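# Survey of secondary and tertiary structure
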Amino acid sequence: MKIPQKFFARQHEIAADFLKELDKHLDDVVSGRATEMFEVRDFAELIHVHPTHLSNTIKSATGHSPCYFFEERLMEISKSMLQNVSMPIAEIARTLTYDPSNFTKFFKHFSGQTPKQYREAYFQSLAANKEIVTI
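Keep in mind that this is a model prediction, so the values were computed, not measured.

A few words now on the overall build of the protein. Broken down by element type, the protein carries 7 helices and 0 strands. Taking 2.2 N^0.38 as the reference for a compact globule, 135 residues should give roughly 14 Å; the C-alpha atoms of the protein span a radius of gyration of 19 Å, well beyond that estimate. With the principal axes as the frame, the protein shows a C-alpha extent of 65 × 35 × 25 Å. Looking at the 135 residues of the protein, the share that counts as buried comes to 30%. Taking the contacts inside the protein whose residues are at least 6 apart along the sequence as the reference set, 58% of them involve residues at least 24 apart. Entry remark: accessible area of the protein is about 8800 Å², with carbon and sulfur atoms responsible for 55%. In the protein, 16 positive and 17 negative side-chain charges are present, and the distance between their average locations comes to 3 Å.

Structure, rendered in structure tokens:
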């Protein structure tokens with residue numbers, strides 16, 4: 001049985017809508033307009049599909065689960081925030097709706113280093129690059 005082309009178009013439309021809503025929600029979290037993280041069911045409700053359908057469609061269209069995109073985007077935001085030395089790690093954790101110890105576990109799981117280790121390595125690399133440039 002041949003699958004209609006419009007089926008694939010709808011899959012990609014749902015995936016694009018999910019990614020758009022994900023970015024919007026995470027921007028709201030970082031700016032303080034949202035105080036709780038959404039779950040898959042919340043995104044599904046926003047784009048008017050069943051949570052299971054959303055998960056299956058995202059996986060089918062992209063090869064990754066919705067959580068993959070959520071975690072990837074959270075890591076990008078976390079790393080960006082950690083590059084601001086004046087913002088304490090505990091404040092970054094709370095901004096991203098984490099308890100500080102859970103944030104450390106999350107970050108280490110996906111990056112292989114703690115937020116403090118990441119921050120130190122980032123600033124060491126900046127200092128090393130500055131030394132190379134000024135020589």
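Read on, since the account is not over.
Another point: the environment of lysine 105. Positionally, lysine 105 belongs in helix H6 (residues 100-111). On a C-alpha basis, the gap between lysine 105 and isoleucine 77 in space is 16 Å, while along the polypeptide they are 28 residues apart.

Between helix H4 (residues 66-82) and H6, the least distance of the axes is 11 Å, while the angle of their chain directions is 110°. What the angle tells us is that H4 and H6 run roughly perpendicular. Between H4 and H6, the contacting residues are Glu71, Leu74, Met75, Ser78, Lys79 and Leu82 on the first element and Phe103, Phe106, Phe107, Phe110 and Ser111 on the second. Looking at side-chain class alone, the contact of H4 with H6 contains 7 nonpolar, 2 polar and 2 charged residues.

We now examine the pattern of salt bridges. Tallying each qualifying case throughout the model produces 6 salt bridges. Across the salt bridge formed by arginine 73 and aspartate 23, the nearest N and O atoms sit 2.9 Å from each other. Residue arginine 73 is located in helix H4, and its partner aspartate 23 is located in helix H1 (residues 5-31); the two are separated by 50 residues in the primary sequence. A relative accessible area of 22% means that arginine 73 is categorised as partly exposed. Taking relative accessible area as the criterion, aspartate 23 reaches 33% and is therefore assigned partly exposed. Each of the salt bridges in this network shares a partner with another, and the network as a whole consists of Asp23, Asp27, Arg73 and Glu76.

We now examine the UniProt feature "domain: HTH araC/xylS-type" (unreviewed entry) in the protein. As annotated by UniProt and renumbered to match this structure, "domain: HTH araC/xylS-type" (unreviewed entry) occupies residues 24-121. Annotated as residues 24-121, this span is 71% helix and 0% strand, and its ends, taken at the C-alpha atoms, are 30 Å apart.

Reading the values: rules and limits
- Residues numbered from 1 in each chain as written.
- Predicted model: local features only at pLDDT ≥ 70, side-chain atom pairs only at ≥ 80, totals over all residues.
- Heavy atoms only, no water.
- Helix = DSSP H or I, 4+ residues; strand = E, 2+ residues; numbered from the N terminus.
- Rg over C-alpha atoms; globule rule 2.2 N^0.38 Å.
- Buried < 20%, exposed > 50% of the residue type's maximum accessible area, 1.4 Å probe, protein only.
- Contact = heavy atoms within 4.5 Å.
- Areas by Shrake-Rupley, 256 points an atom, 1.4 Å probe, with all protein chains shown as cover.
- Lys, Arg positive; Asp, Glu negative; His and termini not counted.
- Charge placed at Lys NZ, Arg CZ, Asp CG, Glu CD.
- Axes fitted to C-alpha atoms, helices over the stretch in contact; angles between N-to-C directions.
- Parallel < 35°, antiparallel > 145°, perpendicular 65-115°, else oblique.
- Nonpolar A, V, L, I, M, F, W, Y, C, P; charged D, E, K, R; others polar.
- Salt bridge = Lys/Arg side-chain N within 4 Å of Asp/Glu carboxyl O.
- UniProt positions renumbered as here; feature names shortened; annotations may be inferred.

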